[in-house]
Structures are given as C-alpha cells and as structure tokens.
Amino acid sequence: MDEYDFLGEIAVADSVDSFDRAITPFFGPIFQAKSILAIHFHRTRLPKVLFRWIPDETLRQLFDERYEKLGFMVDPFFHRAFLVQDWEACLLRDIAPDRFESSEYFTNYFGDTNMVDELGFVSRIDNETAVHLSMGRNQGQRRFRSNEVTKFRQCAKILAPKLRQILINQPTEEVVEAQPLDRRFHAMAQARHTDISMREAEVAALIVQGHSSRAIGLKLGISSQTVKVHRRTLYKKLSISSQNELFGLLVSYVGVDA
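This write-up is about the structure you can find in this document. All chains use their own residue numbering, which begins from 1 and follows the written sequence. Reporting of local features is limited, given that this is a predicted model, to residues whose pLDDT is at least 70; pairs of side-chain atoms are given and counted only at 80 or more, and all residues count toward the totals for whole chains, interfaces and linings. Hydrogen atoms and water are omitted, and side-chain values are computed over all heavy atoms in the structure.

All right, on to empty space enclosed by the protein then. Here a cavity denotes grid points, spaced 1 Å and computed from the protein atoms alone, that fit a 1.4 Å probe unable to get out, and a pocket denotes an open set having protein on both sides within 12 Å along at least 5 of 7 lines; residues with an atom within 4 Å of a point are the lining. Grid points are joined across faces, edges and corners, and a volume is the space filled by probe spheres set on the points. Enumeration over the complete set of coordinates arrives at two cavities of 30 Å³ or more. As for the largest cavity, its lining consists of 19 residues, and the residues nearest its centre are L37, Y67, Y109, M115 and E118. A run of H or I in DSSP counts as a helix once it spans at least four residues, and a run of E counts as a strand once it spans at least two, with each numbered from the N terminus. Mapped onto the lining of the largest cavity, the elements with two or more residues apiece are β1 (35–42), α3 (57–66), α6 (104–113), β4 (115–124) and β5 (129–138). Among the elements that take part in the lining of the largest cavity, β5 stands out by supplying four residues, more than any other. Here the term charged refers only to Asp, Glu, Lys and Arg, the term nonpolar to Ala, Val, Leu, Ile, Met, Phe, Trp, Tyr, Cys and Pro, and the term polar to all other amino acids, Gly among them. Each residue belonging to the lining of the largest cavity can be placed in one class, and the counts come to 13 nonpolar, four polar and two charged.

See below:
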C-alpha cells in the first residue's frame, strides 16, 4: 500500500476495524514494526484493546495475559495520556520514568517480550478517557531513528484526531472498574493483614513504575529523604527488601503469571 492509498483509506475510515485495515499493512513495512496496537484508556477502568497485530506468538501471549491485568498500570503511555491536553506522539524512552529501564516491570515485561523500542501517540478524548496507538521493534532491530519519529509524528497529525473521532462516534460499551495502582497496593497490604498508609501506597506505585526517590519527591511534593523514609517503612511493613519483591507482591495480588 502506498502513502496515497493509505491516506485515502484513513480519510474514509468510520470504524475501528476499517482504521485497523489501513494502519497495519502500511505501518508494518514502512516502519519495520513487529507489533502494532491501539488501546482505549480510561482513567479508573480497565483498558480496552481496540486491535493488536503481534505476529510473534510469545509476545502476543504475554501481551494478552499481562497487559489488561497489570501492564497498563505501569505503562508510561497510560500515564502520559492523562497529562496531554490534545495529543502527543513520542518514543517510550522519552516519557518513561527516570529509572524505568532498571525497574522490575521493564525486566519482566520487556525482557520476556524481546522488545527494544516503542513509538506511539496518545490522544485525549475527554477528562476520563484517551486513546493510544503504538508500534514496537524487537531484538535484532535498531531503535527508531529521528527521521522515522518525524515521519510518525506527521502521520499522527491525521491519525490521532481520526481515531479519537471514531471512538467518540461509536456506541459506549460497558467497562470494568479498575483500582488505581496506589489503591491496589493499599488493598494488597490489607489482604496481607498489613497496615500501610496511602502515602506509602503512593510511593509504592511510583517505585514500581520506575521513578527514583528524587522523581517521587518531585511528584508528591516531598523531599527525597522523606521518600526514602517511606520506602524503608514500606519495605519493613511488607517484610521485603527490594523493588523486585515489591513488584512480585503486586503481581501475585493481581493474579498475573510472572
């Protein structure tokens, strides 16, 4: 499919299916993508996968098993989606927390999937919902280069508003409520008959996302030393000593196979 055919199909797309039929055969070859997916985010509910093209069976299985249960809660694109006013196209590494690549989630999820890079956009629909489209590359491929990012951003000028409009026009579907990550940590501690404060739960949520103590302090408006105190207290209460154990408790609580 050439670019003119692609733009023509996008122009007349009036459903998620017709949007997908245009995106996948065009983005796959032109961006050398090994995965393409679109997700409808809700601030307090489980996400809905609109479509996903993942030829690699292992990657597809991991995504299907883990993303809706846990992955979206620590996905930088999910958190970014509710910070932008309109839409934004970016690389995962440009919006990820400062310690994201050393986080247990990164090791578990990206290590198992063999993904090496992800490029996508987020587009706000309203105060509570947003849509995300991204594509990934696997081991053996180079990361996306600046000229490819520029081309994707040019495409996103058309794609982001179009996909948003398609979702606005489609019937509202029943969605499942989902606890925010900090409340999940609080509930997990209670299930273990352990009393942690909501501040400690907030710190726990930011730790597993890959934020450093300094970054957590900036987000919560407290000093990095206070963050470290909360971290030590949290670990002591939960009888753990590391970030990977904290992540493991969350994985066990939400019922994800690690």
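The relative placement of two aromatic rings is captured by the distance of their centres and the angle of their planes. Stacked, tilted and edge-to-face are the three classes applied to pairs of Phe, Tyr and Trp rings, where Trp contributes its six-membered ring and a pair requires centres within 6.5 Å; stacked means planes under 30 degrees apart, edge-to-face means over 60, and tilted covers the rest. Within this structure, the stated rule accounts for 13 aromatic pairs. Both rings, one in F27 and one in F152, keep their centres 5.8 Å apart while their planes meet at 55°; by these two values the pair is tilted. Residue F27 is found in helix α2 (residues 16–30), and its partner F152 is found in helix α7 (residues 146–169); the two are separated by 125 residues along the sequence. Taking 6.1 Å as the distance between ring centres and 80° as the angle between the ring planes, the aromatic pair formed by F31 and F152 counts as edge-to-face. Of this pair, F31 sits in the loop between α2 and β1 while F152 sits in helix α7, and the two are 121 residues apart along the sequence. The exposure class assigned to F31 is buried, which follows from its relative accessible area of 1%. Taken together, the ring pairs in this structure connect F6, F26, F27, F31, F121 and F152 into an aromatic cluster. Type-normalised accessible area, obtained with a 1.4 Å probe on protein chains alone, sets the label of each residue: buried when under 20%, exposed when over 50%, and partly exposed for intermediate values.

Turning next to the sheet that holds β4. We call two strands paired when DSSP finds no fewer than two bridges between them. Strands sit in the order β2-β1-β5-β4-β3 across an open sheet of five strands; the sheet is antiparallel. Only two strands of the sheet have a single neighbouring strand rather than two, namely β2 (45–53) and β3 (87–91). For this sheet the average axis-to-axis angle between neighbouring strands, irrespective of direction, equals 15°. It only takes one pair of heavy atoms within 4.5 Å for two residues to be counted as in contact. Geometry is summarised by axes, namely lines fitted to C-alpha atoms with helices restricted to the contacting stretch, and by angles between N-to-C directions that run from 0 to 180 degrees. Where α7 meets the sheet, it contacts β1, β2, β3, β4 and β5, and its direction lies at approximately 45° from that of β4.

What follows concerns the pattern of salt bridges. Any carboxyl oxygen of Asp or Glu within 4 Å of a side-chain nitrogen of Lys or Arg constitutes a salt bridge here. What the rule picks out here adds up to eleven salt bridges. A salt bridge links D64 to R52, with the shortest nitrogen-to-oxygen separation between them at 2.7 Å. Separated by twelve residues along the polypeptide, D64 in helix α3 and R52 in strand β2 bring together distant segments of the chain. In this structure, E148 engages R137 in a salt bridge whose closest nitrogen and oxygen atoms are separated by 2.8 Å. Of this pair, E148 sits in helix α7 while R137 sits in strand β5, placing them eleven residues apart in sequence. Look at E148 and you get buried, because its relative accessible area is 9%. Each of R137, R142 and E148 takes part in a single network of salt bridges with overlapping partners.

Turning next to the nonpolar core. What is meant by a nonpolar core is a set of buried Ala, Val, Leu, Ile, Met, Phe, Trp, Tyr and Cys residues, joined one to another through side-chain atoms within 4.5 Å. Core analysis: the biggest nonpolar cluster contains 52 residues, and L181, F185, L238 and L246 have the highest contact counts within it. No other element matches the seven residues that helix α9 (residues 198–209) contributes to this core. F27, M135, F152 and L159 belong to the second-largest nonpolar core, a separate cluster that totals 32 residues.

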